[in-house]
Amino acid sequence: MSGIQTFTMIKPVAVKNNYIGPILHMINEAGFRIKAMKFTHLTKQQAMVFYSVHEGKSFFEDLTSFMSSGPIVAAILEKDNAVADFRQLIGATDPAKAEQGTIRKLYAESMSHNAVHGSDSDENAIIESDFFFSKMERY
Ligand code: CMP
């Protein structure tokens, strides 16, 4: 079993399409507790730092431009087995491959416009949470 913390972002396209409410509802219904949350807008530079593990890949420019194109919702979520359970809730990175009923199947448009981000490991959940939130912003 993995740790109790994961990190998510509701991406610009999902915010623009008014899906913040439905996505947060699904997150709550799946048993996640919101430990921290903010509505913010990444600069291109911040998006490049956040996604620096993907630097050099073909989609890096598109990804970081898109992620800085409008506001996002960032949140730390808590639940037993958080990373794996959240990845199951959101579905595959490519919405065409995501299972029925997953957040990406319902709300994503494409691989790059895939509605939400979810940490891929406990280690990255901590790094990503620390990128956005100080200790005082966690409840
Ligand atoms: P995310 O979970 O935010 O983590 C990295 C993002 O890069 C991923 O969601 C996708 O939006 C994007 N991504 C990953 N692989 C590709 C790809 N092959 N083509 C375009 N975008 C990709």
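Notes on the structure in this doc start here. Here the structure is a predicted model, which means the values were calculated and not measured. (Residues numbered from 1 in each chain as written. Predicted model: local features only at pLDDT ≥ 70, side-chain atom pairs only at ≥ 80, totals over all residues. Heavy atoms only, no water.)

### Brief notes about helix α5 (residues 82-90)
At step 1: Along α5, the positions that sit buried rather than exposed are A82, V83, F86, L89 and I90. Down the axis of α5, the buried side of the element spans an arc of 125°, and every buried residue falls inside it.
At step 2: Summarising the contacts, the buried residues of α5 are in contact with β1 (5-10), α2 (20-29), β3 (72-78), α6 (103-107), β4 (116-118) and α7 (122-132).
At step 3: G91, located one to two residues past α5, shows a positive phi value of around 85°. (Buried < 20%, exposed > 50% of the residue type's maximum accessible area, 1.4 Å probe, protein only. Helix = DSSP H or I, 4+ residues; strand = E, 2+ residues; numbered from the N terminus. Arc of directions from axis to C-beta. Contact = heavy atoms within 4.5 Å.)

### With respect to the environment of F131
At step 1: Its location among the elements puts F131 in helix α7.
At step 2: F131 has contacts with L42, Q46, V49 and F50, leaving out every residue within four places of it along the chain.

### Notes on the side chain of R104
At step 1: The residue R104 is located in helix α6 in this model.
At step 2: Among buried Asp, Glu, Lys and Arg side chains, R104 stands out as unpaired, with D94 the closest opposite charge at 9.1 Å.
At step 3: Sequence-distant contacts of R104, that is, excluding residues within four places in its chain, are made with I90, G91, A92, T93, P95, A98, N114, V116, H117 and G118. (Lys, Arg positive; Asp, Glu negative; His and termini not counted. Salt bridge = Lys/Arg side-chain N within 4 Å of Asp/Glu carboxyl O.)

### Describing the site of the ligand
At step 1: Residues in contact with the ligand, as listed here, are K11, Y51, H54, F59, L63, T93, R104, M111, S112, N114 and H117.
At step 2: One nitrogen or oxygen atom from the side chain of H117 is found 2.9 Å from an oxygen atom belonging to the ligand.
At step 3: When the ligand is considered free in solution it has 460 Å² of accessible area, and contact with the protein chains removes 77% of it. (Near = heavy atom within 4 Å. Polar contact = N/O pair within 3.5 Å; in protein donor to acceptor, adjacent residues only side chain to side chain. Areas by Shrake-Rupley, 256 points an atom, 1.4 Å probe, with all protein chains shown as cover.)

### Some details on the sheet that holds β4
At step 1: Reading across from one edge, β2-β3-β1-β4 is the order of the four strands in this open sheet, with antiparallel pairing throughout. One side of each edge strand has no neighbouring strand; the edge strands of this open sheet are β2 (33-40) and β4. When the angles between neighbouring strand axes are averaged without regard to direction, this sheet yields 15°.
At step 2: Of the pairings in the sheet, the one linking β2 to β3 comprises seven bridges and is antiparallel in character. Pairing of M37 across the sheet is with A75, part of β3. (Pairing = 2+ DSSP bridges. Axes fitted to C-alpha atoms, helices over the stretch in contact; angles between N-to-C directions.)

Read these as spatial facts, not as claims about activity.
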